[in-house]
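Chain by chain, the residues run as shown.
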Amino acid sequence: DEQNQPAGFNIQVVRALSRELGVPIDIRLLPWAEARRAREGGVADLFSAGYVPARDTQFDFLTATTTIRSSILMRPGRASYPADATEVRGLRIAIQDGAPSAAGFDQLPPDQRPTIVATPSHRGSIALLVAGQVDAAAGSGATLRWHALNAGINAPVEIPVNSRPYMLVTRKGCGAAMATMTAAAERLRETGVIDQIADETLSVQRSPFGRREFALI
């Protein structure tokens, strides 16, 4: 936030969980690449991720907190735009390394696929879009739009790809041990607490301060 303190949807959800359970929860903010290593290496106990079936073999998904949309984001002023995610042949698309968006494009016939340019973060994808090095960025629609607005793209064009549950996740095999956490999150959702957090934190606004790339684990 403006005081350089942890803020946002994930942070507020975890703080609400801490209050609901009456126990402290240690929140660690890490650069995306380091957070991903901690997540995939079994170091993190709790994190948030969009659900895709391919991840079932990697993690135990506990419960959904909200729904996220995947999108293709492009600059305004083009002569034409894809109608959907299947009309991407010949495009150069920047995607955060490890994001499930790349797997979706891999399912297209080889002659219909775009050229994927891997980046370290959504912010990096938008930087390439601003520099004209790619035609589009793909990933979390809300996150890409946030970065695009802050990078000076005032009217980005968004092509929806799909939507999927955004869930609390733990290490594979640890789901049963996190049953109390799961039940607390479900109470927060049923009582409207998580919806209120989403309303307060997920609206897209320009930021008056600098932003660094972090992930919650």
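Residues numbered from 1 in each chain as written. Predicted model: local features only at pLDDT ≥ 70, side-chain atom pairs only at ≥ 80, totals over all residues. Heavy atoms only, no water.

How two aromatic rings sit relative to each other is set out by the distance from centre to centre and by the angle between their planes. Applying the stated criterion across every chain yields a total of 4 aromatic pairs. Arranged with centres 5.2 Å apart and planes meeting at 80 degrees, the rings of Phe 47 and Phe 59 form a pair that is edge-to-face. Note that Phe 47 is positioned in strand 2 (residues 47-50) and Phe 59 in strand 3 (residues 59-74), a separation of 12 residues in sequence. Judged by its relative accessible area of 4%, Phe 59 falls in the buried class. Between Tyr 51 and Phe 61, the aromatic rings sit 4.8 Å apart at their centres with planes inclined by 85 degrees, giving edge-to-face as the arrangement. You can see Tyr 51 sitting in the loop between strand 2 and strand 3 and its partner Phe 61 sitting in strand 3, a full 10 residues away along the chain. Tyr 51 gets classed as partly exposed once you look at its relative accessible area, which sits at 24%. Accessibility expressed as a relative area gives 17% for Phe 61, which makes it buried. Counting every residue linked through ring pairs, the aromatic cluster contains Phe 47, Tyr 51, Phe 59 and Phe 61. (Phe/Tyr/Trp six-rings, centres within 6.5 Å; stacked < 30°, edge-to-face > 60°. Helix = DSSP H or I, 4+ residues; strand = E, 2+ residues; numbered from the N terminus. Buried < 20%, exposed > 50% of the residue type's maximum accessible area, 1.4 Å probe, protein only.)

In low-pLDDT regions, the fine details of the predicted coordinates are not to be read closely. Mean pLDDT over the protein chain works out to 87, with 92% of the residues at or above the 70 mark. Across residues 206-217, where pLDDT falls below 50, the model places 41 contacts with residues more than four positions away in sequence or in other chains. (pLDDT = per-residue confidence, 0-100. Contact = heavy atoms within 4.5 Å.)

On to the packing of helix 4 (residues 122-130) against helix 5 (residues 141-150). Between helix 4 and helix 5, the shortest axis-to-axis distance is 9 Å and the interhelical angle comes to 50 degrees. In terms of axis orientation, helix 4 runs oblique to helix 5. Between helix 4 and helix 5 the crossing geometry is right-handed. Contact residues: His 122, Arg 123 and Ile 126 in helix 4; Thr 143, Leu 144, His 147 and Ala 148 in helix 5. Taken together, the residues of the contact of helix 4 with helix 5 sort by class into 3 nonpolar, 3 polar and 1 charged. (Axes fitted to C-alpha atoms, helices over the stretch in contact; angles between N-to-C directions. Parallel < 35°, antiparallel > 145°, perpendicular 65-115°, else oblique. Left-handed = near helix turned anticlockwise from the far one by under 90°. Nonpolar A, V, L, I, M, F, W, Y, C, P; charged D, E, K, R; others polar.)

Now for the sheet that holds strand 6 (residues 136-140). Spatially, 6 strands are ordered 2-7-3-6-4-5 in an open sheet, and the strand pairing comes out mixed. In this open sheet, the two edge strands, each paired with only one partner strand, are strand 2 and strand 5 (115-119). On average, each strand axis in the sheet is tilted by 30 degrees relative to the strand beside it, whichever way the strands run. Bridge analysis of strand 4 (residues 92-96) against strand 6 gives 3 bridges, and the strand direction is parallel. If you follow Ile 95 over to strand 6, its bridge partner there is Ala 138. Helix 6 (residues 179-190) contacts strand 3 and strand 7 (157-171) of the sheet and is inclined by roughly 55 degrees relative to strand 3. (Pairing = 2+ DSSP bridges.)

Another point: the environment of Val 43. Topologically, Val 43 is positioned in the loop between helix 2 (32-40) and strand 2. The exposure class of Val 43 is exposed, given its relative accessible area of 51%. Separated by 77 residues in the primary sequence, Val 43 and Pro 120 place their C-alpha atoms 20 Å from one another. Contact partners of Val 43, with chain neighbours within four places excluded, come to Arg 28, Ala 38 and Arg 171.

Our focus in this paragraph is helix 4. Regarding helix 4, the residues found buried are His 122, Gly 124, Ser 125, Ile 126, Leu 128 and Leu 129. Against the buried residues of helix 4 lie strand 3, strand 4, strand 5, strand 6 and helix 5. After helix 4 finishes, the residue Gly 132 shows a positive phi value of roughly 80 degrees.

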